[in-house]
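# Coordinate analysis (summary)
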Amino acid sequence: MQFEHVTCPHCGILCDDLSVEVSESTVTPLNVLHSQCTKAFQQAGFDNANLPTPQIDGKESTLQMAIEKAVSILKNSSQPLISGLIADVQACREAVALTEKVRGVIDHANGPASRPNIAVMQRHGKVKTTLAEARNRADNIIIFGSEILDRFPRLMDRVLEPNQSLGSENTVNKKITIIESQAQPEKKFKQNNINYLRLDAPNLESIIQILELIVHTDITPDEDDNVTKKLLSIHQQILDSQYSVLIWSTGLLNIASAEQTIQSISQIMKSLMKQVRCVGLPLGGSKGEITANQVVTWQTGVPLPVGFMGGTPVHDPLLYNGVDMLKNNEADALVWLSTYSSDDIPPNTDIAKIVIGHPGMKVSKNTSVFIPVGIPGIDTRGLACRTDSVATLPLQKIRNNDLPVASDVLNKMIEML
Amino acid sequence: MAIKLTGGEIYDPAHQIDGKQQDIYIVDGKITHTLPDNQKVTETHDLSNCIVMAGAIDLHTHIGGGKVNIARTMMLDDQHQHPHPGNHICHSGNGHAVPSTFTAGYRYAEMGYTACFEPAVLPVNARQAHMEMADTPMVDKGGYVLLGNDDFSLSMIQSGASQSAINDYVAWILHASQCIGIKVVNAGGIHAFKFNKRRLDVDETSPAGVTPRDIIKKLSRAVHELGVPHPLHVHASNLGIPGNFKSTIETMAAAEGLPIHLTHIQFHSYGAEGDFNFSSAACEIAEAINSTPNVTADVGQIMFGQTITTSGDTMMQYFGYEHAHPKKWTVMDIECEAGCGVVPFKYRDKSFVNALQWAIGLEIFLQVNDPWRVFLTTDHPNGAPFTSYPHLIKLLMNRSFRNDAFSIIHAEAQKMSNLASMEREYSLYEIAIMTRAAPAKILGLSDHGHLGEGATANVTIYRKQDDIERMFAKPALVFKNGNLVVRDGEVIETVRGVTHVVKPEYDKSIEKSLTKYFDDYQTISLPNFKISNDEMAECIGSEVKIHPCTQS
């Protein structure tokens, strides 16, 4: 059976123009332009007659027994961590309720990589745009780091190279500049209109610092300072353009200095806004980070990570960093929610693990409870938030099977706690 | 099974009942005035010394959508300084200016509100707005969807599309976004800001080739001809600019006699007189409302203290960012539809401008003669959080309290306002009009906002006391659809509420050109853009209740 307008939740762009063929044991996108986009659908191919069953300590169990076991682990835990959160809105809603009930900590699997954008928003605010706005309005695109095109394979055809636009010819044939350090391996691009600037600087972060200096001061470069000269021309290009969009992805920045780097990009845009339109398009959310953070923020009033130990939700990015909590043995039980891909397994840890996961997931032997659930967008209906935090896309149910729904499983656990 | 409410003083302006002592019954979630033969009273509430009103309705409060989450993120300190512990029935939460969703629902119910309307639903963000509202328990919800800065409607107006084609698009967007009204924010201005234009006056041609007047004219007619009960809900041009009262009056005129609602009109009632080139034009605005029967307005009163402003008006939010407190701001262009700007503000009584803004809001309340055409709002959270309503009611009902408050604001602002000379004190009947009967009427919620036979049993009961602020802050009892949900100002049972929508009839062939528009320019396909009733119930988490449109 063929389904149209299927949303792909496997990167933050959430393309929804897929035609997908569903047969007894395969799920095949028919019009995928990039091989990277097919992988997650291929993982969903399994025979309905042989659905994976829940497990307790590696042994098959009923769903009811698995839920009871999970509840008993959580009842005996003093500081549980609810993480993963690679899931749709409905499951994230229940994950928050579960965390509140057990007075635990909730954080996304990629929490540390999501934090810098949020921290800059908290301290300074942001200047942002969205995918369709960039597609139709932008005449000048600056991309920080070529790897962005690999991570978001359809950024080009969905946003940067439209066949037509609501704006002038310059918004159809956008100026596209990719900036990175020569420390990065040289890239080849299919498109010949890309201005590829590999600059003689130690890293991307230092390049962005120089650009910020140029925007904020009146700088005259030395004769042999080609980096500054090229960045001066980029600055001028922004001043000469109608609508410039700066694109970055936190996951591709040096995480230790990402907050400072994003703050610099933000300050660059805010300064330029005094004269021209220049806006940001941060890309991320390929593991449901945006969805999880939006739900947590509206339900608790603060962004991830959140601890409920004191009875009210508290945001503390250091204390409640899920990755560090596991590393430092600060949690005594882990609930891992991961429903989109079989690859997103929980981190290796000795504490009791409850995995509510993709049915194709291979969990480690020391997993206390594994409950395979339906894949949102294939087995269950769902909702997912896009990288720009504005659009929420529906995920269709395109296959019938008996796998339980993640949000129902979580809800049953809450009721029994 | 019937609930008997006996001995209370009823304030039900929809039926001209002004404080009459009368018994009412609740049967199957509805109001009745006589006990049906087949029913027995199983619960009686003695309401002697109590005031009985319908559940209150807030027709303009920013409680859902991306801008609210941005505000929550930017207000971390405020969130943590206002923790709300949960209990066996309520979720915990955070926040004063922009509370978490659960908290907002509980606080509204605890003040006797039973319905709230989010006035800035971006079409592409409608799912999120509805999800947040679905997670706002206790009250019914609804949204006004933003048009008038989207490339599709601007292009229709610019190219001279017929009124009926515009009507079809307006109806389509109401269906697709599951909303109850149409909102215009700074008509054409948000779009113009994307072209680096920093100001747009009512008769100025925008980069889209249209004027704000054209937009208001076409959209107010569309709403009227489709029979949508709520008039076009308009955030006028030039918000916050000294001298903007002229463009506000021009915006009223742009509707050419058709119904138009001017929202948070306090922010649009400024003159440019005096030593500080900033003055009150409340008198001119009130006079314009009094003499123009097609106009309604909500005030958007400011209160002193810390809050955060969230608006679709990127142009004017960017203009105001230098006044941000704390010093941070967010501006976002959105999806060829609109935008959003989020700027924290601290209104201070010792600031001349803030003090005069406070006085201007009250002057408008006191000078608009007809309480059916002026509504009690603070444009939550932009003027102040909604939790300040009881204080605002006291300012309106008690002249000496008001004048005491006036006497300590910035001295120059006192000189520029005639507030102290205004003798009017709102009555309970008038408060019931502006917070119950009138909002229900203007939204087309025929079974809400009153206590007549067959009305939905949303009932708020206040215990009479001298301090009107305390009275309105903590009702003795609140019934939502017949369920007792609040006792002595505290939630005792949680309920979900529904989403009120309208679905006017239209020519479905408009989807042909829309499909092409979505395929050519948008990054979402048209089928996924539309939200079905079924998706609202099953995924988003709120059932829709459809209200009729009466096409002219």
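Think of each chain on its own: its residues are numbered from 1, step by step along the sequence as written. Chains carry letters from A onward and ligands carry numbers from 1 onward, assigned in written order. With pLDDT at 70 or above as the cut-off, local features in this predicted model cover only qualifying residues; side-chain atom pairs require 80 or more to be listed or tallied, and sums for whole chains, interfaces and linings still use all residues.

### Comments concerning the overall build of chain B
Scanning chain B for helices and strands turns up 20 helices and 28 strands. We compute the radius of gyration from the C-alpha atoms alone; for a globule the expected value is 2.2 Å times N to the 0.38, where N is the number of residues. Against the globule reference of 24 Å for 552 residues, chain B gives a C-alpha radius of gyration of 22 Å, in line with a compact fold. Along the three orthogonal principal directions, the C-alpha set of chain B runs to about 65 × 60 × 45 Å. Two residues qualify as a contact pair if the distance between their C-beta atoms, derived from the backbone, is within 7 Å. Long-range contacts, defined as pairs at least 24 residues apart, comprise 75% of the intrachain contacts of chain B with a sequence gap of at least 6. Helical segments are the DSSP runs of H or I of at least four residues, strand segments are the runs of E of at least two, and each set is numbered from the N terminus.

### Points about the overall build of chain A
A count of helical and extended segments in chain A gives 14 helices and 20 strands. A globule of 417 residues ought to have a C-alpha radius of gyration of about 22 Å, and chain A, at 23 Å, matches this closely. Oriented by its inertia axes, the alpha-carbon framework of chain A measures out at about 70 × 50 × 35 Å. Between the buried cut of 20 or more and the exposed cut of 12 or fewer other C-beta atoms within 10 Å of a residue's own C-beta lies the partly exposed class, and all C-beta atoms are placed from the backbone. Out of the 417 residues in chain A, the part that is buried amounts to 56%.

### Considerations on the interface of chain B and chain A
On the side of chain A, 55 residues touch chain B, which itself brings 53 residues to the contact. The residue inventory of the side of chain B that touches chain A, partitioned by class, reads 18 nonpolar, 23 polar and twelve charged. Just so you know the grouping, Ala, Val, Leu, Ile, Met, Phe, Trp, Tyr, Cys and Pro go in nonpolar, Asp, Glu, Lys and Arg go in charged, and all remaining residues, Gly too, go in polar.

### With respect to the sheet that holds strand β3 (residues 27-29) of chain A
Residues and elements named next belong to chain A. Think of it this way: DSSP has to see at least two bridges between two strands before they count as a pair. Strand order in this open sheet of three strands is β1-β2-β3, and the pairing throughout is antiparallel. Of all strands in the sheet, those with a lone pairing partner are β1 (2-6) and β3, marking the two edges. Each strand of the sheet is rotated relative to its neighbour by a mean of 30°, with strand direction disregarded. Pairing geometry for strand β2 (residues 18-22) and β3, over three bridges, is antiparallel. Considered in β3, the bridge of V20 is made with P29. Fitting a line to C-alpha atoms yields each axis, with helices limited to the stretch in contact; the angle taken between N-to-C directions then spans 0 to 180 degrees.

### A closer look at the pairing of β2(A)
All names here are of chain A. Bridge count for β1 against β2 is three bridges, and the pairing is antiparallel. Directly across from V6, in β2, lies its bridge partner L18. Here β2 folds back onto β3 in antiparallel fashion, the turn holding four residues.

### As for the sheet that holds strand β6 (residues 80-86) of chain A
Residues and elements named next belong to chain A. If you trace the nine strands from one edge of the open sheet to the other, you get β5-β4-β18-β17-β16-β6-β7-β14-β15, paired in mixed fashion. Both outer strands of the open sheet, β5 (59-60) and β15 (314-315), are each paired with one neighbouring strand and no more. Sitting on the sheet, helix α2 (residues 63-75) touches β4 (55-56), β6, β16 (333-338), β17 (352-357) and β18 (369-372), and the angle it makes with β18 is about 135°. Its contacts with the sheet place helix α3 (residues 89-102) against β6, β7 (105-106) and β16, and it is angled at close to 175° to β6.

### Regarding the domain arrangement of chain A
All names here are of chain A. Boundaries of every domain are those given by an automatic assignment or by a domain database. Here the domain parsing of chain A yields domain 1 (52-110 + 287-416) and domain 2 (115-282). On a C-alpha basis, the centroid separation for the pair domain 1 and domain 2 is 35 Å. On the domain 2 side, the residues contacting the four residues of domain 1 number five residues. Looking at side-chain class alone, the side of domain 1 that touches domain 2 contains three nonpolar, no polar and one charged residues.

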